[in-house]
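Listed below are the residues making up each chain.
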Amino acid sequence: MGSEDRVALKFAYDGSSFRGFQRQPEGETVEGSLVHALAKVGAISSPRECGYRSSSRTDRGVSALGNIISIRTSFPLGSLCSAVNSEMEDIWAYSAIKVPDDFNPRGARQRWYRYHLAKSGQDPKLLKGIADRFVGVHDFSGYARKDDRNPVRKIDSITTRDAGMFYEVDFRAESFLWNMVRRIVWMMNEGSSGRMDLDSIGPESGKTPVRIGLAPPEYLILMDIDCGVAFPVDARASVGIRRTVEGRLKRHAMAMAFAELLAGQACEP
């Protein structure tokens, strides 16, 4: 191996398989599995020594198509994704690029989340109208889990789209507070279903909803992070990921076929 470079790694993961993203003393996490795989293949010795940096720490149950970390490593760039993928399950690295040493994925230009809101009688016009109330600069302290961060955030856009069984609700912003997207979606769902007074919904200080719940995390995906650099897909890693995806699709298709047969059997007179 040659001299060390700072490398940014882009990856996807199935959040239902982990106890969240951030490393914890107990339980398997995305970050813990990724760091372990990097160390096992010899790409790093430890997170501290490699200058490990991460972009977005998703909640337990939340999946991602495009999260990013960066490390210093001398591991061959063209082999890094395939190497770490061989040591991980339910996490797939698909792009590795050299970046400047001051590159920090935490300082992204924009993050894109998509929530798959199951249809259950919502008014689509109300759904969009409620979403529009949260766009722009607001104090979101009432719509996030409290911590020491500044609660003022700017949401660039929230769009809704009919996608069959779901409404796809896309959020774009530079950064989000903890639980912020899931709390807003919960309010959108309650208001558009007629279960919440519309005058009480919004980020303004005068709005006083009776309560604010949390939409389930399993329907939320971190779609992408814009760090101002392009991430070409690694061809070798792509082949392995495609095989894994095809296997999963077949298993899910069989599960759906069985569910339909079971439903038909149960409905027979």
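Structural data are supplied above this passage.
Residues numbered from 1 in each chain as written. Predicted model: local features only at pLDDT ≥ 70, side-chain atom pairs only at ≥ 80, totals over all residues. Heavy atoms only, no water.

*Asks:* Would you mind showing me how to read the environment of Arg243 here?
*Replies:* With respect to the secondary-structure elements, Arg243 resides in helix α5 (residues 235–267). Separated by 149 residues in the primary sequence, Arg243 and Tyr94 have C-alpha atoms spaced 14 Å apart. (Helix = DSSP H or I, 4+ residues; strand = E, 2+ residues; numbered from the N terminus.)

*Asks:* Hey, could you run me through the nonpolar core in this one?
*Replies:* If you look at the biggest cluster of nonpolar residues, it comprises 68 residues, and the most contacted ones within it are Phe11, Leu38, Ile69, Leu80, Phe134, Phe171 and Ile184. Of the residues forming this core, the biggest block, seven residues, is contributed by helix α4 (residues 180–192). Not counting the four nearest positions on each side in its chain, Leu80 is found in contact with Val7, Leu9, Leu38, Ala43, Phe75 and Ala96. (Core = buried A, V, L, I, M, F, W, Y, C linked by side-chain atoms within 4.5 Å. Buried < 20%, exposed > 50% of the residue type's maximum accessible area, 1.4 Å probe, protein only. Contact = heavy atoms within 4.5 Å.)

*Asks:* Please explain a nonpolar patch on the surface as it appears in this structure.
*Replies:* Together, Met254, Phe258 and Leu262 make up a nonpolar patch on the protein surface, roughly 340 Å² of accessible area in all. Mapping Leu262 onto the fold places it in helix α5. (Patch = residues over 30% accessible without salt bridge, like charges linked within 9 Å, V, L, I, M, F, W, Y side chains within 5 Å. Areas by Shrake-Rupley, 256 points an atom, 1.4 Å probe, with all protein chains shown as cover. Salt bridge = Lys/Arg side-chain N within 4 Å of Asp/Glu carboxyl O.)

*Asks:* Can you help me understand the pairing of strand β9 (residues 220–226) in this one?
*Replies:* Walk down a regular strand and you will see the side chains alternate between the two sheet faces. Most of β9 is tucked away: five of the seven residues are buried. Relative to β9, strand β3 (residues 63–73) runs parallel, the two sharing two bridges. Bridge pairing links Ser63 to Ile221 in β9. Across six bridges, strand β5 (residues 110–118) lies against β9 in antiparallel orientation. Across the sheet, the residue bridging to Tyr113 is Leu222, located in β9. (Pairing = 2+ DSSP bridges.)

Taken by themselves, the reported measurements are silent on function.
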